[in-house]
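The chain contents come next:
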Amino acid sequence: MSAIIEIRGVTKSFGGVVANKNLSMTVEAGGITGLIGPNGSGKTTLFNSIVGYHPIDAGSIKFEGREISKLPVQKIARLGLLRTFQQTRIYGAMNCVENMLISLPHRKMRLAQSFARNSAAERKRAAGLLEFVGLYEKRLLRAGSLSFGQQKLLEFAMALMNEPTGLLLDEPTAGINPTLINGLVDRLKRANREFGITLFIIEHNMRVIMDMADTIYCLAHGEMLAHGAPREVQNDRRVIDAYLGAH
Amino acid sequence: MSGARKSAGMPIEARRIALYLVLIALMLAAPFLFPGFRTQLAALWLMIVVALAWDMTGGQMGYNSLGNVFFYGTGMYVAAVITIALAYDVGEYTSAAGGGIHAFTDAQYFAGMALGIIGAGVFCAVCALLIGYITFGLRGPYFAIGTLGVAIAAGELVSNWEWVGGGQGISLPVYPGDLETGKVVFYFLFAAAGIALFVLLRWLYTTRFGAAMNAVRDDEEKAEAMGLHTLRYKLAAWSIAAFFVGAAGAISAFQLIHFEPLETAYQTINLGIFMVVCVLLGGKGTLWGPVVGAVLFHVFKEVTWNYLLGWQWVALGALIVVTVVYFQEGVMGYLMRRKPEWFGIRVGREAE
Ligand SMILES: Nc1ncnc2c1ncn2[C@@H]1O[C@H](COP(=O)(O)OP(=O)(O)O)[C@@H](O)[C@H]1O
Ligand SMILES: [Mg+2]
């Protein structure tokens, strides 16, 4: 396996708060990597740094061997590295199909091509992916009228529509009906296996992430606490303390 | 269920075609049915053009420009300069204004008109790219004020620029030929611009480009995170809008014969605001909203200007307040909510 995302010595602070302190991580291509840590430990901040949402104070971030820490959000997205939002962002006024069609991979689209209507093949792909996440029946509903969990599923389907190489998911199971979590985990695994998308997942639910990830990184107070295979991390005294201490 | 939907779809399509045919016939016949109102009817088409253009960024993309009148004024000046330059030295022509007599042949006049309208459109489209490159970094009210600043500054600069006549403004030759024929010609020029823009937008809003415009409006940050070329779409859309507003300004320049920078060309508080009111009244972010709004607004304005003299600005202010406070969705927004079946919109619940 080769590294697809390499994070080296990344530091990011907001005023006096050091949200990420000298973090180094490697996300292997084709795998599922987990990122855990108590609330406020700096997980979302790290994702924001990776996708170019804000500049970092120090360090280096590489995607497929290319330095991306100075690139703007859109350029990184067009390289094939996407993220979903913890607070879920979809286009509320459009219906689900429209949300999907606007999520086509724009790295391939020239301005001239944007002056055409969506092809039948694109519509079919959109419908297929909505089916994949279980939203086909709701496809003509306004996305804003869906439940929070359904919006998360839609956001996931939109990301898949974009054909990314790497996908960063910020708490994909948060707010989802517990009875539906197993189905979602199954879909995440299938997206990884069948579509070949490398996943980097922030997850609060320990059971879920232990079941999915090959490697897990654990943060606390912006610093790296532990990393390794799920079993190692799960039994790490410092991790257990951090989680117990946080609650 | 799907069968019922189909049979309900047909009459809508037929009714729509019938509606378009009636409107085209009305458009063609209007200046002859109401010969006394040719200039007002031409002004109505001008309002339709600038309202449709304003809605491209304001309604469809969520970028409320208060500076679109910049393109109107700039279009006027570009057309005038092109026309004059075809026959005379522009500096000499403007400094002699009033005293000197400058004759134009018919060929010079019409060549100037054709080149002036196209040239104004192209020049303004390029201006939109340059100004947009800077101002599209601004969001919300900052964009509105930033673009307004551009229009105000341009008016001031031009009024101090003697080469184009300074604060006195600039004069163009009178339409060569019968006065009434001239009015009909200007009516059809504005109407052609309005219909061309309407047809263009009717198509554009069904393309991926149209969807991207709405994505920018609904959640620009999300659109960026998905890799959309947001700046590219904003610039392209504003540039198309600027082309039409600039061309409309050029037509106005020939229609008005004489114009000056602050009150006519860069008239930020008249046309600059009217175009926004038209769109709000008719319904932001809809294809027909700007058209419906322009018609209602224009009728309201003509009636109050003729019958409420002295109070017309008060009436207009009241209209704006009522629209903004109580009727933000506009006529089309209201109709789409209350009568979705008129628009072939399937109510979401049906799909559940
Ligand atoms: N934009 C911001 N401005 C100021 N402080 C921030 C900002 N984003 C995050 N923080 C702070 O950084 C720390 C880490 O937050 P975050 O990355 O959201 O944690 P997590 O996702 O692990 O819950 C918190 O103390 C938070 O308050
Ligand atoms: Mg977070």
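Criteria and thresholds
- Starting from 1, residues in each chain are numbered consecutively following that chain's sequence as written.
- Written order decides the labels, with chains lettered from A and ligands numbered from 1.
- With the structure being a predicted model, the display of local features is reserved for residues of pLDDT at least 70 and the display and counting of side-chain atom pairs for 80 or more, all residues being used for whole-chain, interface and lining totals.
- The basis for every side-chain value is the complete set of heavy atoms in the structure, and neither hydrogens nor water enter the calculation.
- To qualify as a helix, a DSSP run of H or I must reach at least 4 residues; to qualify as a strand, a run of E must reach at least 2; elements of each kind are numbered from the N terminus.
- Atoms counted for the radius of gyration: C-alpha only. Globule rule: 2.2 Å times the number of residues to the power 0.38.
- Classification of residues uses two cut-offs on accessible area relative to the type maximum, computed with a 1.4 Å probe and protein chains only: under 20% is buried, over 50% is exposed, and between them is partly exposed.
- For this analysis, residues touch if any pair of their heavy atoms sits within 4.5 Å.
- In short, Shrake-Rupley with a 1.4 Å probe defines the accessible areas, and a residue's cover is counted only from the protein chains shown.
- Positive residues here are Lys and Arg, negative ones are Asp and Glu, while His and the chain termini are left out of the count.
- Charged side chains are reduced to one point each, which is NZ for Lys, CZ for Arg, CG for Asp and CD for Glu.
- Two strands pair under a simple rule: DSSP has to find at least two bridges between them.
- In plain words, nonpolar cores are sets of buried Ala, Val, Leu, Ile, Met, Phe, Trp, Tyr and Cys residues tied together by side-chain atoms within 4.5 Å.
- For the purposes of this description, domain bounds are those given by an automatic or database domain assignment.
- One less than the residue count of a helix, multiplied by 1.5 Å, gives the span that helix is expected to have.
- Here the bend at a residue means the angle between the axes of two seven-residue stretches, the one that ends at it and the one that starts at it.

Undergrad: Please provide a residue-by-residue account of the overall build of chain B, values included.
TA: Looking only at helices and strands, chain B has 14 helices and 2 strands in total. The C-alpha atoms of chain B give 21 Å as radius of gyration, which agrees with the globular expectation for 352 residues (20 Å, within 12%). Referenced to the eigenvectors of the C-alpha coordinate spread, the extents of chain B come out at roughly 75 × 50 × 40 Å. Per-residue burial over chain B gives 49% buried out of 352 residues. Restricting the contact set of chain B to residue pairs at least 6 apart, pairs at least 24 apart contribute 81%. If you sum the accessible surface of chain B, you get close to 16,000 Å²; carbon and sulfur atoms cover 69% of it. Counting 20 positive and 21 negative side-chain charges, chain B places the averaged centre of each group 16 Å from the other.

Undergrad: If you had to explain the overall build of chain A to someone new, which residues and values would you point to?
TA: Scanning chain A from N- to C-terminus turns up 10 helices and 10 strands. The globule rule puts the C-alpha radius of gyration for 247 residues at 18 Å, and the 18 Å found for chain A is close to it. Here the C-alpha coordinates of chain A stretch approximately 55 × 40 × 35 Å along the principal axes. Out of the 247 residues in chain A, the part that is buried amounts to 53%. The long-range fraction of contacts in chain A, counting pairs at least 24 apart against all pairs at least 6 apart in sequence, stands at 69%.

Undergrad: So what about the sheet that holds strand 4 (residues 58-63) of chain A? Which residues, and what values?
TA: Residue and element names in this part refer to chain A. A sheet is described by the order of its strands in space; here 4 strands give the open sequence 2-1-4-5, paired in antiparallel fashion. Two strands in the sheet have a free side with no partner beyond their single neighbour: strand 2 (17-28) and strand 5 (66-67). Judged from the 8 bridges that link them, strand 1 (residues 3-14) and strand 2 form a sheet pairing that is antiparallel. Bridging across to strand 2, Ala 3 finds its partner in Glu 28.

Undergrad: Could you give an account of the environment of A:Ala116, with specific residues and numbers?
TA: Along the chain, the position of A:Ala116 falls in the loop between helix 4 (111-114) and helix 5 (120-132). As a C-alpha pair, A:Ala116 and A:Met210 span 94 residues in sequence and 45 Å in three-dimensional space. Residues within four places of A:Ala116 in sequence aside, it is in contact with B:Thr207 and B:Arg208.

Undergrad: Describe the nonpolar core, with residues and values.
TA: Within the largest apolar cluster, 152 residues are counted, with the highest numbers of intra-cluster contacts made by A:Met100, A:Leu154, A:Phe156, B:Phe71 and B:Phe297. Take this core: its biggest share by element is 15 residues, from helix 9 (residues 230-256) of chain B. When residues of this core are assigned to domains, at least three fall in each of domain 1 (34-268) and domain 2 (273-352) of chain B. With sequence-adjacent residues up to four places away left out, A:Leu154 is seen in contact with A:Ile90, A:Cys96, A:Asn99, A:Met100, A:Leu130, A:Leu135, A:Ala143 and A:Leu146. In terms of nonpolar packing, the next biggest core, distinct from the first, is built from 24 residues, A:Ile4, A:Val27, A:Leu46 and A:Ile76 among them.

Undergrad: Describe in detail helix 8 (residues 208-225) of chain B, supporting the description with residues and values.
TA: Each turn of an α-helix holds 3.6 residues, which means side chains three or four residues apart point in the same direction. Residue and element names in this part refer to chain B. In this model helix 8 runs just 17 Å from its N-terminal to its C-terminal C-alpha over 18 residues, more than 12% under the 26 Å that 1.5 Å per residue would give. If you look at helix 8, its biggest bend is around 125°, right at Asp 219. The buried fraction of helix 8 is high, at 14 of 18 residues.

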